[in-house]
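# Structure at a glance
In case you want the letters, here they are:
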Amino acid sequence: KAGVTQTPRYLIKTRGQQVTLSCSPISGHRSVSWYQQTPGQGLQFLFEYFSETQRNKGNFPGRFSGRQFSNSRSEMNVSTLELGDSALYLCASSLDDNEQFFGPGTRLTVL
Amino acid sequence: AQSVAQPEDQVNVAEGNPLTVKCTYSVSGNPYLFWYVQYPNRGLQFLLKYITGDNLVKGSYGFEAEFNKSQTSFHLKKPSALVSDSALYFCAVRDTQYGNNRLAFGKGNQVVVIP
């Protein structure tokens, strides 16, 4: 089976712009979670989608949003980008409520 | 709220020596515990998990971890470290009290295996 894929792998944006990141889970996995990784804050949970419904949300401002499609693919959107949004954004999928499998991440740089 | 503590920033070990990476957790309900490893510019790679059952769990690449409920710990171990084990290791917990996959991660431990 193919693993979790994320596109694009690298992004450079400027402050005030918006960005959309995409994640394709492992085939058959219905749960998709998003995490932000930064040197200062470590790995922080953004949100989880299960069967097209947001099941949980972390402590991030409303500029961060996401959605999941009927084929379980997920997107996350960040509007009005700030310098502090520069991070590695990781997507993870899960078949059941056990281990999550992570994609390679999207490295976002905000200038 | 669920949380994980990894008390050491960096663990240095000589090749061939035992490797231990420490992790303690806090949850309201019962924990699901995980260890992941991250190599530079890569995502997280699953090593092993504790869900229920035997307190000693074995995972990939010769790693194992022991669940200790009374000490709320889940330390990662490897009997003989390899240079290729040098990487960033994360402990994570999911609180089964909540019906979702939200993981809380520790800050990570940089493991350096010295040849």
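Residues numbered from 1 in each chain as written. Chains lettered and ligands numbered in written order. Predicted model: local features only at pLDDT ≥ 70, side-chain atom pairs only at ≥ 80, totals over all residues. Heavy atoms only, no water.

Our focus in this paragraph is the overall build of chain A. Broken down by element type, chain A carries zero helices and 11 strands. Its C-alpha atoms give chain A a radius of gyration of 13 Å, near enough to 13 Å, the size a compact globule of 111 residues would have. Dimensions of chain A, computed from the C-alpha atoms along their principal axes, are close to 35 × 25 × 25 Å. In chain A, buried positions account for 50% of the 111 residues. Here chain A displays about 5,100 Å² of accessible surface, and carbon together with sulfur accounts for 49% of that area. One way to put it: in chain A the 11 positive side-chain charges average out to a point 8 Å from where the 8 negative ones average out. (Helix = DSSP H or I, 4+ residues; strand = E, 2+ residues; numbered from the N terminus. Rg over C-alpha atoms; globule rule 2.2 N^0.38 Å. Buried < 20%, exposed > 50% of the residue type's maximum accessible area, 1.4 Å probe, protein only. Areas by Shrake-Rupley, 256 points an atom, 1.4 Å probe, with all protein chains shown as cover. Lys, Arg positive; Asp, Glu negative; His and termini not counted. Charge placed at Lys NZ, Arg CZ, Asp CG, Glu CD.)

A tally of helices and strands in chain B yields zero helices and 12 strands. If you list the helices and strands of chain B from N to C, you get β-β-β-β-β-β-β-β-β-β-β-β. Relative to the globule expectation of 13 Å for 115 residues, the C-alpha radius of gyration of chain B, 14 Å, shows essentially globular dimensions. C-alpha extents for chain B along the principal axes are approximately 45 × 30 × 20 Å. Residues classed as buried in chain B amount to 46% of the 115 residues present. Of the contacts formed within chain B by residues at least 6 apart in sequence, a portion of 58% connects residues at least 24 apart. Within chain B, the 8 negative side-chain charges are centred at a point lying 6 Å from the centre of the 10 positive side-chain charges. (Contact = heavy atoms within 4.5 Å.)

Turning our attention to the interface of chain B and chain A. Chain B puts 19 residues into the contact, and the matching count from chain A is 25 residues. For the pair chain B and chain A, the summed buried area comes to about 1,800 Å², and 48% of that belongs to carbon and sulfur atoms. The three residues of chain B that bury the most area against chain A are Leu44(B), Asn101(B) and Arg102(B), which together make up 34% of that side's buried surface. In this structure, the connection of chain B to chain A is made through one salt bridge. Lys49(B) is the salt-bridge partner of Glu99(A), the closest N and O atoms lying 2.6 Å from each other. Our count for the contact surface shared by chain B and chain A stands at eight residue pairs in polar contact (both at pLDDT 80 or more). Those elements that provide at least two residues to the side of chain B that touches chain A are strand S5 (31–38), strand S6 (44–50) and strand S10 (87–95) of chain B. When the residues that make up the side of chain B that touches chain A are grouped by side-chain class, the tally is nine nonpolar, six polar and four charged. (Buried area = accessible area lost by both parts, 1.4 Å probe. Salt bridge = Lys/Arg side-chain N within 4 Å of Asp/Glu carboxyl O. Polar contact = N/O pair within 3.5 Å; in protein donor to acceptor, adjacent residues only side chain to side chain. Nonpolar A, V, L, I, M, F, W, Y, C, P; charged D, E, K, R; others polar.)

All names here are of chain A. In this fold, Asn77 is placed in strand S8 (residues 74–78). Residue classification places Asn77 among the buried residues on the basis of a relative accessible area of 18%. Engagement of the side chain of Asn77 in a polar contact is seen with the backbone oxygen of Val19, the distance being 3.3 Å. Setting aside anything within four residues of it in sequence, one finds Asn77 in contact with Gln18, Val19, Thr20, Arg63, Phe64 and Ser65.

As a further point, take the nonpolar core. If you look at the biggest cluster of nonpolar residues, it comprises 28 residues, and the most contacted ones within it are Leu19(B), Trp35(B), Leu47(B), Leu48(B), Phe74(B), Leu76(B) and Tyr89(B). It is S10(B) that provides the largest number of residues to this core, a total of four residues. Residue contacts for Leu48(B): discarding those within four places in its chain leaves Leu33(B), Phe34(B), Trp35(B), Val57(B), Lys58(B), Gly59(B), Phe63(B), Glu64(B), Ala65(B), Phe74(B) and Leu76(B). Leu11(A), Phe60(A), Phe64(A) and Val78(A) belong to the second-largest nonpolar core, a separate cluster that totals 21 residues. (Core = buried A, V, L, I, M, F, W, Y, C linked by side-chain atoms within 4.5 Å.)

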